[in-house]
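# What the coordinates show
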Amino acid sequence: MQDQDRHPPTLGLDVQVLMDATEQCSVEQRQQLAAQVAAFLCSEGEPQQEREQLIAVALRLAADASPEVREVLARGLSGLAGLHPDLLFAIVSDDDNIALPFLCATPALTQLHMLSVLRVGDEARQAAILSRPDVTTDVIDFVVKSLPLALNRLLLKSDRFCLTSQQFQTLYDRFSDQQDMTDLLLARPDLPASIRILQVRRAATSLQGLLSERDWLQGGDAAGLIEEAEENAVLELLGSTRAAQLPSLVSFLVNQDILTPSIIVRAACRGDIDIVTNCLAILAHWPVERVRQQVFGSGNLRTLIERAGLPQSCHWPLRAVCDVAHDQRLDGVRLTSDEFGSRVVEALMTRYAAMPKAEQPRSLDVVSRYASGRARLIARRLKDDLMAEAA
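Residues numbered from 1 in each chain as written. Predicted model: local features only at pLDDT ≥ 70, side-chain atom pairs only at ≥ 80, totals over all residues. Heavy atoms only, no water.

### What about the packing of aromatic side chains?
Taken as a whole and assessed by the stated rule, the structure comprises 1 aromatic pair. For the ring pair Trp316 and Tyr352, a centre distance of 5.4 Å and an interplane angle of 50 degrees mean the geometry is tilted. Remark: Tyr352 occurs in the loop between helix 23 (337-350) and helix 24 (359-370) and Trp316 occurs in helix 22 (residues 315-331); sequence separation between them is 36 residues. As far as burial versus exposure is concerned, Trp316 and Tyr352 are alike and both buried. (Phe/Tyr/Trp six-rings, centres within 6.5 Å; stacked < 30°, edge-to-face > 60°. Helix = DSSP H or I, 4+ residues; strand = E, 2+ residues; numbered from the N terminus. Buried < 20%, exposed > 50% of the residue type's maximum accessible area, 1.4 Å probe, protein only.)

Below is the structure:
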């Protein structure tokens, strides 16, 4: 009885016997042991204390000289969520054919574990992390900011990852000189319009330099063609932007010195009134609703143009645009760009008795440069006729 009191009861698990078995048994026996140990650790019905005692045995098996033993253990533990960190990293640092399937499957990998693997692991392990379905925003942020091009290509090629605007911007800042990366960015439907606009400007600048260098077009001709193409691309992006996001995108254009009077007049001559009102509101530091009142009401358009920093030569073309937009609103119709531009030309020719005679051909010249298609041709012919009469 005294001996029983002196020695506390032991668990029914003789760990030392198992430790000896990891050194003395054959490969096949160690494989069987690895499978049994993994099953025991994964069993919720076994006592927690006994499972903790088996960690030492599992670590010994994870360092076994035979890859077959290590593979059995890793496969058996791949579904265990509460895996001991030492055992987790022992398997993660094993040969690729053992570590990579485990990395892709184990639920034991927390965000901190993922970040650790991304920091110190090789490209194969980093790619395995990105194949997981539970990658968090912080993990994506680390990849975007710190990892090389190849890993970020994987990130963009998958539609599983939702990137923030800032993450897209970081990728563009880091890799926009890599054409394949730029192509991947532009292929993303969720790429912010601001980055598409930056790429339009970059492409326009590059093209202008190429044309000048090879002397394919005269300098002025090349600049004019490229400027028009750039502004058309910017307008297309503005036109595809949701109304709620339009003010922030216009502010971006202002901050980047991309928004020009010609972009505003080009939008106006084509009937893109929402774009025009948002641009004028940002430039004039007025609420959009106040600008709309000026456009559709009887406000002083000259004051708005002056506050927005547009040249006063825009007054009569914009006056005609506002009147045609007002008519369109009252009629409840949606004019095409050509139809809208043609109505603007008609208004300039017929509505404004107070317009100085010299302003009519100037205003038509503006429409001939910035309207689209047929309206541009009509305005140019009428301007030429007026200039010929004046001569």
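### Here we look at empty space enclosed by the protein
The full count for this structure, using the stated rule, is 1 cavity of 30 Å³ or more. Estimates place the volume of the largest cavity at around 40 Å³. Forming the boundary of the largest cavity are Ala268, Val276, Leu280, Val295, Leu301, Leu318, Val321 and Cys322. Residue assignment for the lining of the largest cavity shows that the elements contributing at least two residues are helix 19 (273-284) and helix 22. The element best represented in the lining of the largest cavity is helix 22, accounting for 3 residues. When the residues that make up the lining of the largest cavity are grouped by side-chain class, the tally is 8 nonpolar, no polar and no charged. (1 Å grid on protein atoms, 1.4 Å probe; cavity = no way out; pocket = protein on both sides within 12 Å on 5 of 7 lines; lining within 4 Å. Points joined across faces, edges and corners; volume = space filled by probe spheres on them. Nonpolar A, V, L, I, M, F, W, Y, C, P; charged D, E, K, R; others polar.)

### Regarding the packing of helix 13 (residues 165-175) against helix 14 (residues 179-187)
Helix 14 packs onto helix 13 with a crossing angle of 160 degrees between their chain directions and a minimal axis gap of 10 Å. With respect to their mutual orientation, helix 13 and helix 14 come out roughly antiparallel. Considering only the axes of helix 13 and helix 14, their crossing is left-handed. Between helix 13 and helix 14, the residues in contact are Phe168, Leu171, Tyr172 and Phe175 and Met181, Thr182 and Leu185, respectively. (Axes fitted to C-alpha atoms, helices over the stretch in contact; angles between N-to-C directions. Parallel < 35°, antiparallel > 145°, perpendicular 65-115°, else oblique. Left-handed = near helix turned anticlockwise from the far one by under 90°. Contact = heavy atoms within 4.5 Å.)

### Things to note about the pattern of salt bridges
On inspection of all chains with the given rule, the structure shows 22 salt bridges. Lys145 serves as the salt-bridge partner of Asp141, at 3.1 Å between the closest nitrogen and oxygen. Here Asp141 pairs with Lys145, and both are found in helix 11 (residues 137-146), just 4 residues apart, close to one helical turn. In this structure, Arg266 and Glu231 form a salt bridge, with 2.9 Å as the shortest nitrogen-oxygen distance. With Arg266 in helix 18 (residues 261-269) and Glu231 in helix 16 (residues 219-239), the pair connects residues that are 35 residues apart, well separated along the chain. Here Arg266 and Glu231 have matching classes, each one buried. A cluster of three or more residues bridged by salt bridges with shared partners is formed by Glu228, Glu231, Arg266 and Arg376. (Salt bridge = Lys/Arg side-chain N within 4 Å of Asp/Glu carboxyl O.)

### Some details on the environment of Ser116
Structurally, Ser116 can be placed in helix 9 (residues 111-120). As for Ser116 and Gln126, which are separated by 10 residues in sequence, their C-alpha atoms are 9.9 Å apart. What Ser116 contacts, discounting residues up to four positions off in sequence, is Phe89 and Gly121.

### Looking at helix 20 (residues 288-296)
Among the residues making up helix 20, those that are buried are Val291, Gln294, Val295 and Phe296. Those residues of helix 20 hidden inside the fold are in contact with helix 19, helix 21 (301-308) and helix 22.

### So, the environment of Met387
Turning to its location among the elements, Met387 is positioned in helix 25 (residues 373-390). Note: C-alpha distance between Met387 and Ala358 (29 residues apart in sequence) is 9.5 Å.

### Topic: the environment of Thr137
Position of Thr137 relative to the elements: it lies in helix 11. With a relative accessible area of 49%, Thr137 lands in the partly exposed category. Taking C-alpha positions, Thr137 is 9.8 Å from Gln167, a pair spaced 30 residues apart along the chain.

### Describing the nonpolar core
Ranked by internal contacts, the top residues of the largest apolar core, which has 120 residues, are Leu41, Leu77, Leu163, Leu238 and Leu348. Excluding residues within four positions of it along the chain, Leu163 makes contact with Ile140, Val144, Leu155, Leu156, Phe168, Leu171, Arg188 and Asp190. (Core = buried A, V, L, I, M, F, W, Y, C linked by side-chain atoms within 4.5 Å.)

### Quick word on the layout of surface pockets
Approximately 420 Å³ is the volume attributed to the largest pocket. In this structure, the largest pocket is lined by 19 residues; those nearest its centre are Leu191, Pro192, Ala193, Thr241 and Gln245. For the lining of the largest pocket, the secondary structure elements donating two or more residues are helix 13, helix 15 (193-214) and helix 17 (246-255). Among the residues forming the lining of the largest pocket, the class breakdown is 9 nonpolar, 7 polar and 3 charged. In this structure, the second largest pocket encloses a volume near 360 Å³. Around the second largest pocket, the lining is made up of 21 residues, and of these Asp272, Ile273, Asp274, Ile275 and Arg334 lie nearest the centre. Those elements giving two or more residues to the lining of the second largest pocket turn out to be helix 16, helix 19, helix 20 and helix 22. Top contributing element to the lining of the second largest pocket by residue count: helix 19, with 5 residues. Class assignment of the residues belonging to the lining of the second largest pocket gives a composition of 9 nonpolar, 6 polar and 6 charged.

### Notes on unusual backbone geometry
Unlike most non-glycine residues, Asp257 shows phi in positive territory, near 55 degrees. By the secondary structure assignment, Asp257 is in the loop between helix 17 and helix 18. Classification of Asp257 as exposed rests on a relative accessible area of 63%. In this structure, His285 is a non-glycine residue whose phi angle is positive, near 60 degrees.

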